[in-house]
Amino acid sequence: SLGYASCMSSSTCNKSLKNCKKCSGGKWLAVPIVRDGCCSFGGSDCSAIDPTTNSQCQYLSSDCIGCGGQWVPLNATPRPTIAPSTSKPTANPSSIPPTSAKPTLPPTNPPSTKQPTPNPSTLQPVTSKPTSPPTLPPSTLKPTAFPTSPPFTKKPTSLPSLQPTTVSPSNPPSTKQPSKQPSNNPTPTTALPTTKSPTPSPIPSSQVIACPSIGSKLTLIAGSSVLLGFSSSNALCAIYVESGSSLIPFARSYNTGKWEAAPGPFASSSSGILCSASECGIHLPLLSAGDSSYVLLAKDGTMTNRNQVAAFLMKTTFGPKREEINALDNANWGDAARAQYIRNQMDMNATSHREYYRKRANTKWDATAQPARSDHPCSPNSKWRKYAFINQDRQNTIDNSNIYTTFEVVPSEASLVSTIYEADVAGQITCKECSFKGALTTSNTGYSSTGYYDIGGRGDWLQWSINIAQAASYPVAFRYSMGSSSYQGNRPLDLFVNDVLVHSSVSFVYTGSWNYWMYTSPVALSFNAGSNTIKLLVREQNGGPNIDHMRLGKPPAVLLKTNGWPRTVARNGVGLLDEWFNLTGSNTFMSSYPDPPQGDLYRYSFGRTRVTFGDGRSRYLDIGNPAIDFNGYEQYLPHNHFIFDNQDVFVSTSSHLYSYPLLDDVEFLLRDGIDDPICDLIAPFSEEGDAPVFGKLPNGVWLQWSPSILLEDNGPSFNDNDASSKSKVLADGGGNTMIQTGNKAKCSNTRRSMFNEGTCRLSTLSTACSPVQTIGE
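Residues numbered from 1 in each chain as written. Predicted model: local features only at pLDDT ≥ 70, side-chain atom pairs only at ≥ 80, totals over all residues. Heavy atoms only, no water.

Peer 1: Honestly, the sheet that holds strand β24 (residues 530-537) in this entry has me stumped. Any pointers?
Peer 2: The strands making up a sheet associate through backbone hydrogen bonding, with each pair oriented either parallel or antiparallel. Taken together, the five strands give an open sheet; going across it, the order is β15-β18-β24-β20-β21, and neighbouring strands pair in antiparallel fashion. In this open sheet, the two strands that pair with only one neighbour each are β15 (429-431) and β21 (500-506). This sheet shows a mean twist of 20 degrees between the axes of neighbouring strands, independent of strand direction. Sheet topology note: the strand β20 (residues 493-497)/β24 ladder contains four bridges and is antiparallel. The partner of Phe 496 across the bridge, within β24, is Lys 535. (Pairing = 2+ DSSP bridges. Helix = DSSP H or I, 4+ residues; strand = E, 2+ residues; numbered from the N terminus. Axes fitted to C-alpha atoms, helices over the stretch in contact; angles between N-to-C directions.)

This is the structure:
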């Protein structure tokens, strides 16, 4: 409320402008604002006009000008204050309890009536005019947020305006007159003392508060409103919610700018800040936390060259990238550089965010349906990925039936044998701290034998003693669990063979839980004939993983098939993350959607694939969502696959449609498409059960095509010329697609919009929606 009229007491009505309009007779008033003048018409005296009688003209100078009037400053017009009490003073003010109501500022003219002051001895020396607003003391009581009666009368009605607010006692006060008469001129007065002065002191809402000096702070009263001046040059003045040791932004003024909401969970609402040319009124809502308070503080806002560049880009872009800041952060930065940057941006071709997003985040679409069919792997911007499984591999799109995945040993490697050396077998293990865990000492599960070794603090070690029939090199891997994300999600160990350091910092990265076990990447080690030792040592960090066992030798590779088609080869075998079980030969389906590699070491850097067995058990694969790999196993590839060269341009992209953003370089767009004879051998669109389409990059990495919704052109892009625009009109309305898909995909209709209004036309051809359609159907 402005203080010019009472507001409804209903919290529902006062919640928003929309709510206020719904309430009978409700009128929305800005909160708070300072009336520092009045609106004059034809040079008339407007100082005595009650603004509530002409609220559309008398509140703000901008309103006055809109009414055709002239705004006349009223330098001495008092600001809205806490509603004063009209009770008469008592003869003995010392008996009155302290009050939080604030004195008003002096009136324009001295009062004509001489009214006794309750306690003249507390007055300061008389001055004819106060040269600055009176110093207002702290108070232990919260003030009323807004006045309820107009303070704009030309003359005081009874008491001088500096008279402290008093409350009538329960018993009639004495009528004895004080021994001394007050001065005719109003003088600043010291308010009655309070019993306790909080530090720092709360600020009265009617006083214009200047930003404090840098490094100091003032406490503001929750539930009140304050008037704040703007920050000084190269300084940040801000209101924070102080909770414990945390400062949470609420509102801010920077570099002489007006106050605005500061981003954050406690940001001020836009309706809670109203500004004039020199100050702003800010409402401070009540805080729910009892230990929280509002504080006003200032910080040095001097801008370095780099900060100026960053601030400029924040205002002119959707957020600067580091390389963009680096490009502009040089000695030439200034007005000319800013102007040139804007000119360069204006000279660029226009782009559409919608078009950009659709190319990269269109849903994967592996079966034709009424809305659309898929694109083609040779199409421009076709989507490719490094990982094996997507959501469409869980169930069939049309009937929601399960899709099955099998695990088959590669026949040529069926004779390969790897040896398991447990970490809890007496006679094979020596150790330093020797912290063995088993069923009686841990609740962890999923280990292969009766227990595991719990690597201890810095300097702890675990050593196997093994016999090798003849000198040779063997791949070695360790099955482990690591449920802590400390040390950046990795607790590396040093690896020794026969007391010689052969690998420092073998990675043991986060597995997701102490119950989740996976293998380290195999390391090739050379052994002597006879007795050998293999030791793991904690050197860098305080603590390590849990070690289940060591695997010596290469296990048979396993071919993963989905819907009967090869999807990838797990060259070092595959097991379960949360159970020790040989799943080769199993027929499984996915009980939940697979997760691609995403997040970081703390989350799903390997992806996740959860499979369900015939007995109802659901478990995670210990290889995550595996990378596509056919190197050395090309015989399992479908007949039609691509061998890309350096002329084929792949652009890394990622989707934020998952719980965590995808890791870099796991999804790609084939920017310009590809012209290859194999393109003609692949169906024009994808259907469920089709053979997967693979391609090999020049660096040996394999990719799989991810079918996506085909985006039909039916209008130009922003920068197409007239000639190319005509080629982008879908002349048959999608009729050819209907024929190709056996009437599964229906006629393509595009609503007219600002993007296509120049070229999108309603076709009158009888073949607009089908080559066999007749007019009228």
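Peer 1: How should unusual backbone geometry be read in this particular structure?
Peer 2: The backbone phi angle of Asn 255 is positive, close to 55 degrees, even though this residue is not glycine. Its place among the elements puts Asn 255 in the loop between β7 (246-254) and β8 (260-261). A residue is classified by how much of its surface remains accessible, and Asn 255, at 31% relative accessible area, is partly exposed. At Cys 434, a position not held by glycine, the phi torsion is positive, near 55 degrees. If you trace the backbone, Cys 434 turns up in the loop between β15 and β16 (436-438). The class for Cys 434 is partly exposed, based on a relative accessible area of 35%. (Buried < 20%, exposed > 50% of the residue type's maximum accessible area, 1.4 Å probe, protein only.)

Peer 1: How do you make sense of the sheet that holds strand β6 (residues 235-243) when you look at a structure like this?
Peer 2: Within the open sheet, the five strands sit side by side as β4-β11-β6-β7-β8. Their pairing is antiparallel. The two strands at the open ends of the sheet, each matched to only one other strand, are β4 (217-220) and β8. Taken together, the eight bridges between β6 and β7 define a ladder with antiparallel strand orientation. Pairing of Ala 238 across the sheet is with Arg 252, part of β7.

Peer 1: Please clarify how the pairing of strand β27 (residues 565-570) should be interpreted in this entry.
Peer 2: Across a regular strand the side chains alternate sides, sitting on one face of the sheet and then on the other. Counted residue by residue, β27 has five buried out of six residues, so it is predominantly covered. Looking at chain direction, strand β26 (residues 558-562) and β27 are connected through five bridges and run antiparallel. Bridge pairing links Leu 559 to Val 569 in β27.

Peer 1: Just checking my understanding: could you explain the packing of helix α4 (residues 305-316) against helix α6 (residues 335-347) for this structure?
Peer 2: For any two helices packed against each other, the geometry is given by the interaxial angle and the distance between the axes. Taken N-terminus to C-terminus, the directions of α4 and α6 make an angle of 30 degrees; their axes are 12 Å apart at the nearest point. The pairing of α4 with α6 is recorded here as roughly parallel in orientation. Of the two elements, α4 crosses α6, and the hand of that crossing is right-handed. Residues Gln 308, Phe 312, Leu 313 and Thr 316 of α4 lie in contact with α6, whose contacting residues are Arg 338, Tyr 341 and Ile 342. (Parallel < 35°, antiparallel > 145°, perpendicular 65-115°, else oblique. Left-handed = near helix turned anticlockwise from the far one by under 90°. Contact = heavy atoms within 4.5 Å.)

Peer 1: Hey, could you run me through the confidence of the model for the chain in this one?
Peer 2: Detailed conclusions should not be drawn from predicted coordinates in areas where pLDDT is low. Of the residues in the chain, 69% have a pLDDT of 70 or more, and the chain-wide mean is 77. Confidence over residues 1-6 falls short of pLDDT 50; this stretch has 23 contacts with residues more than four positions distant or in other chains. Counting interchain partners and residues more than four positions distant, the pLDDT-below-50 stretch residues 76-205 has 175 contacts. (pLDDT = per-residue confidence, 0-100.)

Peer 1: Just checking my understanding: could you explain the state of the cysteines for this structure?
Peer 2: Two cysteines, two sulfur atoms, one covalent bond between them: this is a disulfide. Within the structure shown, the criterion is met by four disulfides. Residue Cys 378 pairs covalently with Cys 679 via a disulfide, S to S 1.9 Å. Between Cys 378 and Cys 679, the S-S torsion sits near -100 degrees, and that sign places the bridge as left-handed. Note that Cys 378 is positioned in the loop between α7 (353-361) and β12 (382-385) and Cys 679 in the loop between β33 (667-670) and β34 (694-696), a separation of 301 residues in sequence. By relative accessible area, Cys 378 is classed as buried at 10%. Since its relative accessible area comes to 10%, Cys 679 is described here as buried. Covalent S-S linkage joins Cys 431 and Cys 434, the inter-sulfur distance amounting to 1.9 Å. One quick way to see it: the torsion about the S-S bond of Cys 431 and Cys 434 is about 110 degrees, and its sign makes the bridge right-handed. Relative accessible area serves as the criterion here: at 14%, Cys 431 is assigned to the buried category. (Disulfide = S-S within 2.5 Å.)

Peer 1: Help me understand the nonpolar core, please; the structure alone is not making it clear to me.
Peer 2: For soluble globular proteins, nonpolar side chains are generally found buried alongside one another. Trp 464, Ile 466, Phe 478, Phe 527 and Ile 547 are the most contacted members of the largest nonpolar core, which totals 33 residues. Among the secondary structure elements, those contributing two or more residues to this core are β15, β18 (461-468), β19 (472-481), β20, β23 (523-527), β24 and β25 (546-552). Ranked by residue count, the leading element in this core is β18, at four residues. Beyond its immediate stretch of four places on either side in the chain, Ile 466 contacts Tyr 421, Phe 527, Gly 530, Ser 531, Asn 532, Ile 534, Met 550 and Leu 552. Ala 557, Leu 559, Phe 630 and Leu 637 belong to the second largest nonpolar core, which has 24 residues in total. (Core = buried A, V, L, I, M, F, W, Y, C linked by side-chain atoms within 4.5 Å.)

Peer 1: Would you take a moment to explain the environment of Gly 215 for this structure?
Peer 2: You can see Gly 215 is positioned in the loop between β3 (208-209) and β4. On the accessibility criterion, Gly 215 (74% relative accessible area) is exposed. Through-space distance from the C-alpha of Gly 215 to that of Asp 300 is 8.6 Å; in sequence the pair is 85 residues apart.

Peer 1: What is the right way to read the packing of aromatic side chains from this model?
Peer 2: For any pair of aromatic rings, geometry is given as the distance between the ring centres together with the angle between the planes. A full pass over the atoms with the stated rule returns 22 aromatic pairs. On the numbers, 5.2 Å between centres and 70 degrees between planes, the contact of Phe 250 with Tyr 294 is edge-to-face. Here Phe 250 is found in strand β7, whereas its partner Tyr 294 is found in strand β11 (residues 292-300), with 44 residues between them in sequence. Tyr 294 shares its class with Phe 250; the two are buried. The interplanar angle of 35 degrees and the centroid separation of 5.7 Å between the aromatic rings of Trp 464 and Phe 478 together place this pair among those described as tilted. With a gap of 14 residues between them, Trp 464 in strand β18 and Phe 478 in strand β19 connect regions that are remote in the sequence. As far as the burial class goes, Trp 464 and Phe 478 line up, both buried. A connected cluster of aromatic rings, assembled from ring pairs, spans Trp 384, Phe 642, Phe 644, Phe 650 and Phe 668. (Phe/Tyr/Trp six-rings, centres within 6.5 Å; stacked < 30°, edge-to-face > 60°.)

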